[in-house]
Amino acid sequence: MTDVNIKVIPEGSVCSPIGFKANGIHCGIRSSISKKDLALIVSEKMCSAAAVYTQNKVFGAPITVTRNNIADGYAQAVICNSGNANTCAPGGVKLAEDTCELTAKALGLKAEDIIVASTGVIGQAMSMEPFEKGMPELVAGLNENGSADAAEAIMTTDTIPKYRAVEVEIGGKKVTIGGISKGSGMINPNMATMLSFITTDAAITPQMLQKALSADIKKSFNQICVDGDTSTNDTVAIMANGMAGNDEIKENGEDFEAFAKGLAEVTQYLAKKMAKDGEGATKLIECNVVGAPDEATANKIAKTVISSNLLKCAIFGADANWGRVLCAIGYCEGDFSADNIDVEMKSSKGSVTVCKGSTHHEYSEDEASVILSEDEIIINIDMNQGSGTGTAWGCDLTYDYVQINGDYRS
């Protein structure tokens, strides 16, 4: 296909596509009144909808309800709370269903057209009272500039809100794709990541929307790791209202590929933001693998490397301990050779080759330490045995991670 021109929208988010409004408020689920805890995203028109969820066998009640609600491929709003995961909680499914009913009534919609999600502490009971109290304010405050409030309301231990939007031309029409996400800890996705809500004004069938999302996460949210824990509430949901006016995307082709490229720009940016904002993290780690037997193997190797706790500690200490890279590659599952691997470590301060042909390559430890002292570190790996490439993102492991998770419930 011809090159796809993707334009990033400065400060763009879920309200950037035509026909979407959002809001976020504090309703009382979280004890601190300074922290928003309830978000709402609404489309002017009915949307094609698709989602992917955690593969943890223990999963939140909202996932059960959302699966049921969008089984027909359609939705018009997202309601999400932070502060309580509604997982392993008494009456969780009914509470999620009641939340959809409450939201739908306030918006004049049907409950089955609502996507519901929760994030926070597992195993604690949750009441409808905060939702009932906050819903009038939440709906009244819906506006086309409400993305920032919604992005803030879904945060838990995140230190910054995460958002992105792009424009891409599809069939001669300007199509916009925007998204927000949250996730800082308990991140080792096996389908998605904590929570991400994506909106678009593209016209696309539910089937093709699901196909695009399911393929996309393999190179975006599935390729990040903070701490090796897969959350119980991971959900990535996307709504497409068709208001851009492009011919509806019903099959593979140039229009579908253009949409997929725009979606990838949003999701990969959000994935990197979450990795960099890992709990207690001081550095983003990007691992690029080339020369693997195939793409799937390359992605698996990259993900294994950035998931290594020993490597994460070494990066925290600015220690070019490349043996930990080779070690992680060695226990990665897959049919490949570990006999001729090259490793380079890089940052804005420069680059240094630390391993050549799977053995030590002479380098300056002092120079390497300076390079690894930056807040974004790149590890380039050449497997020298094929054309497969892959990338994954993680973060360093610090003292603060233990402190944050030692008193998470307090």
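The structure we're discussing is the one just above.
The text that follows walks through the structure, step by step, so that each part is easy to find.

Reading the values: the criteria
Residues numbered from 1 in each chain as written. Predicted model: local features only at pLDDT ≥ 70, side-chain atom pairs only at ≥ 80, totals over all residues. Heavy atoms only, no water. Helix = DSSP H or I, 4+ residues; strand = E, 2+ residues; numbered from the N terminus. Rg over C-alpha atoms; globule rule 2.2 N^0.38 Å. Buried < 20%, exposed > 50% of the residue type's maximum accessible area, 1.4 Å probe, protein only. Contact = heavy atoms within 4.5 Å. Areas by Shrake-Rupley, 256 points an atom, 1.4 Å probe, with all protein chains shown as cover. Lys, Arg positive; Asp, Glu negative; His and termini not counted. Charge placed at Lys NZ, Arg CZ, Asp CG, Glu CD. Expected span 1.5 Å × (residues − 1). Phe/Tyr/Trp six-rings, centres within 6.5 Å; stacked < 30°, edge-to-face > 60°. Lys NZ or Arg CZ within 6 Å of the ring centre and 35° of its normal. Salt bridge = Lys/Arg side-chain N within 4 Å of Asp/Glu carboxyl O. Polar contact = N/O pair within 3.5 Å; in protein donor to acceptor, adjacent residues only side chain to side chain.

**Structural notes on the overall build of the protein**
(1) Moving on: Counting its secondary structure elements, the protein contains 11 helices and 16 strands.
(2) Moving on: For the protein, the C-alpha radius of gyration of 22 Å lies close to 22 Å, the compact-globule estimate for 410 residues.
(3) Moving on: For the protein, the spread of C-alpha atoms along the three principal axes comes to 70 × 55 × 35 Å.
(4) Moving on: Across the 410 residues that make up the protein, the buried fraction comes to 55%.
(5) Moving on: Residue pairs at least 24 apart in sequence account for 81% of intrachain contacts in the protein once pairs closer than 6 positions are excluded.
(6) Moving on: Accessible surface computed for the protein: about 16,800 Å², of which carbon and sulfur atoms make up 47%.
(7) Moving on: Of the charged side chains in the protein, 34 are positive and 53 negative; the average position of the first set lies 3 Å away from that of the second.

**Notes on the environment of Ala 49**
(1) Moving on: Among the structural elements, Ala 49 can be located in strand E3 (residues 38-53).
(2) Moving on: Separated by 30 residues in sequence, Ala 49 and Gly 19 place their C-alpha atoms 15 Å apart.
(3) Moving on: Look past the residues within four positions of Ala 49 in its chain and what remains in contact with it is Ile 70, Gly 73, Tyr 74, Ala 75, Pro 206, Leu 209 and Ile 238.

**So, helix H2 (residues 92-107)**
(1) Moving on: Taking 1.5 Å as the rise per residue, H2 with 16 residues should run 22 Å; its terminal C-alpha atoms sit 23 Å apart, in good agreement.
(2) Moving on: Looking only at H2, the buried set comprises Gly 92, Leu 95, Ala 96, Thr 99, Cys 100, Thr 103, Ala 104 and Leu 107.
(3) Moving on: Looking one or two residues past H2, Gly 108 carries a phi angle of roughly 75°, positive in sign.

**As for the packing of aromatic side chains**
(1) Moving on: Tallied over the full model, the rule gives 1 aromatic pair.
(2) Moving on: It is Arg 67 that lies over the ring of Phe 59; its NZ or CZ is 5.5 Å from the centre.

**What about the environment of Ala 71?**
(1) Moving on: Relative to the elements of secondary structure, Ala 71 occurs in the loop between helix H1 (61-69) and strand E4 (74-84).
(2) Moving on: Since its relative accessible area comes to 66%, Ala 71 is described here as exposed.
(3) Moving on: Sequence separation of Ala 71 and Ala 50 is 21 residues, and the distance between their C-alpha atoms is 8.8 Å.

**Quick word on the pattern of salt bridges**
(1) Moving on: Inspection of the entire model under this criterion finds 12 salt bridges.
(2) Moving on: A salt bridge links Asp 98 to Lys 94, with the nearest nitrogen and oxygen atoms 2.8 Å apart. Here Lys 94 and Asp 98 lie together in helix H2, a separation of 4 residues that amounts to about one turn.
(3) Moving on: Take Lys 94: its relative accessible area is 51%, and that puts it in the exposed class.
(4) Moving on: Between Lys 272 and Glu 286 there is a salt bridge, and its shortest N-O distance comes to 3.8 Å. With Lys 272 in helix H6 (residues 254-276) and Glu 286 in strand E11 (residues 284-292), the pair connects residues that are 14 residues apart, well separated along the chain.
(5) Moving on: Within this structure, Lys 36, Asp 149 and Glu 152 form a network of salt bridges that share partners.

**Some remarks on the environment of Ala 368**
(1) Moving on: As for its position among the elements, Ala 368 is in helix H10 (residues 365-371).
(2) Moving on: Considered as a pair, Ala 368 and Ser 351 are 17 residues apart in the sequence and their alpha carbons are 7.8 Å apart.
(3) Moving on: In contact with Ala 368, not counting residues within four places along its chain, are Ala 320, Val 352 and Tyr 363.

**A few points about the side chain of Asp 277**
(1) Moving on: Locating Asp 277 in the fold gives a position in the loop between H6 and E11.
(2) Moving on: One polar contact links Asp 277 to Thr 159, side chain to side chain, over a distance of 2.3 Å.

In short, the description is geometric, and any link to function would need to be established separately.
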